[in-house]
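Residue-level listing of the chains:
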Amino acid sequence: MAGLDKRVGSYAQALDGLTDGMTLLAGGFGLCGIPENLIAEVRRRQVQGLTVVSNNCGVDGFGLGLLLETRQVRKVVASYVGENALFEQQVLSGELEVELTPQGTLAEKVRAGGAGIPAFYTATGYGTPVAAGKEVRQFAGKHYVLEEAITGDFALIKGWKADWYGNVIYRHTAQNFNPLMATAGRITVVEVEEIVPPGELPPAAIHTPGIYVDRLIVGQFEKRIEQRTLRAEGV
């Protein structure tokens, strides 16, 4: 345990102990709810050979895409490649290893990891390349693929509001993968827009209890929009 007060004063402190070859779990979906400042600190530290587990790997020049630019990532476990041209280029050149995982399966692998469940069976992916090399069993006449759980050395999480005990609330769709990732990191670091004293957050509104959080920092966020769609007036 990190103690009751999870606050740290700098991003350098927030990622203290991050070293080469570690596995990072990064919350977010597209650019919604991503820990953008923590990712920038990973880049600043120039650690190498990372395995990144996330729904996708950001975009060119932002989010996890920044770590691709500096060649800090060895492997990505994701459900969606997105529109990151550098990601595609590095995969096709053999420079970057990618493990594409169905989105629901990825979420359950992380949830299982956080719950201490080592593996589970799912029908998703049976009969496709996703199941290649994996154990298959039949239950009630249906085929299921054995999927192993995922945990990480660090979980990088973006919340909306937290108290200094580390109880976290996410805002609307920014929940996405964040609550799952927060449970599955050996060290869980959360950056939020506001930190309030204990007792100010309604207990029923808490999404991630402080028991899962090791370090907490308040930051400023760009919140870039990945796809902006405009409609002409009257259309």
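Conventions adopted
Residues numbered from 1 in each chain as written. Predicted model: local features only at pLDDT ≥ 70, side-chain atom pairs only at ≥ 80, totals over all residues. Heavy atoms only, no water. Core = buried A, V, L, I, M, F, W, Y, C linked by side-chain atoms within 4.5 Å. Buried < 20%, exposed > 50% of the residue type's maximum accessible area, 1.4 Å probe, protein only. Helix = DSSP H or I, 4+ residues; strand = E, 2+ residues; numbered from the N terminus. Pairing = 2+ DSSP bridges. Right-handed = clockwise from strand over helix to strand, strands pointing away. Contact = heavy atoms within 4.5 Å. Phe/Tyr/Trp six-rings, centres within 6.5 Å; stacked < 30°, edge-to-face > 60°. Lys NZ or Arg CZ within 6 Å of the ring centre and 35° of its normal. Axes fitted to C-alpha atoms, helices over the stretch in contact; angles between N-to-C directions.

Visitor: If you had to explain the nonpolar core to someone new, which residues and values would you point to?
Guide: Grouped together as the largest cluster of nonpolar side chains are 28 residues, with contacts concentrated most on Leu-15, Leu-18, Val-42 and Phe-154. Grouped together as the second largest cluster of nonpolar side chains are 20 residues, Leu-25, Phe-177, Met-181 and Val-190 included.

Visitor: Outline the pairing of strand β2 (residues 50–53), listing residues and values.
Guide: Covered by surrounding structure in β2 are Leu-50 and Val-52 together with Thr-51 and Val-53, the residues of both alternating faces. As paired elements, strand β1 (residues 23–26) and β2 share 3 bridges and run parallel to each other. Counterpart to Leu-25 in the pairing with β2 is Val-53. Between β1 and its parallel partner β2, the chain crosses via helix α2 (residues 36–45), and the hand of that crossover is right-handed. Here 4 bridges tie β2 to strand β3 (residues 73–78), and the two strands are oriented parallel to one another. Of the residues in β3, the one forming a bridge with Thr-51 is Lys-75.

Visitor: Please set out α2 residue by residue, giving values where relevant.
Guide: By the burial criterion, the buried members of α2 are Glu-36, Leu-38, Ile-39, Glu-41 and Val-42. Summarising the contacts, the buried residues of α2 are in contact with α1 (11–14), β1, β2, α3 (65–69), β8 (152–158) and β11 (185–192). Positive phi appears at Gln-46, one or two residues downstream of α2, with a value of about 60°.

Visitor: Quick one: what's the story with the pairing of β11, residue by residue and with numbers?
Guide: For β11, a buried count of 7 out of 8 residues is recorded, marking the element as mostly surrounded by other parts of the structure. As paired strands, β8 and β11 are joined by 6 bridges and run parallel to one another. Bridging from a neighbouring strand, Lys-158 pairs with Glu-191 of β11. Pairing geometry for β11 and strand β13 (residues 215–218), over 4 bridges, is parallel. Its bridge partner lying in β13, Val-192 is registered against Val-218.

Visitor: Help me get a handle on the packing of aromatic side chains, residues and values and all.
Guide: Enumeration over the complete set of coordinates arrives at 2 aromatic pairs. When the ring of Phe-139 is compared with that of Tyr-144, the centres are 5.6 Å apart and the planes differ by 75°; the resulting orientation is edge-to-face. Note on Tyr-144: relative accessible area 22%, which makes it partly exposed. Among the aromatic residues, those joined into a ring-pair cluster are Tyr-121, Phe-139 and Tyr-144. Directly above the ring of Phe-221 sits Lys-158, whose terminal nitrogen or CZ lies 4.6 Å from the centroid.

Visitor: Lay out the sheet that holds β2 in plain terms, naming residues and giving numbers.
Guide: Across the sheet, 7 strands lie side by side as β4-β3-β2-β1-β8-β11-β13; this open sheet has parallel pairing. Unpaired on one side and paired on the other, β4 (97–100) and β13 mark the two borders of the sheet. Direction aside, the axes of adjacent strands within the sheet are offset by 20° on average. The sheet contacts of α2 involve β1, β2, β8 and β11, and relative to β11 the element is tilted by about 120°.

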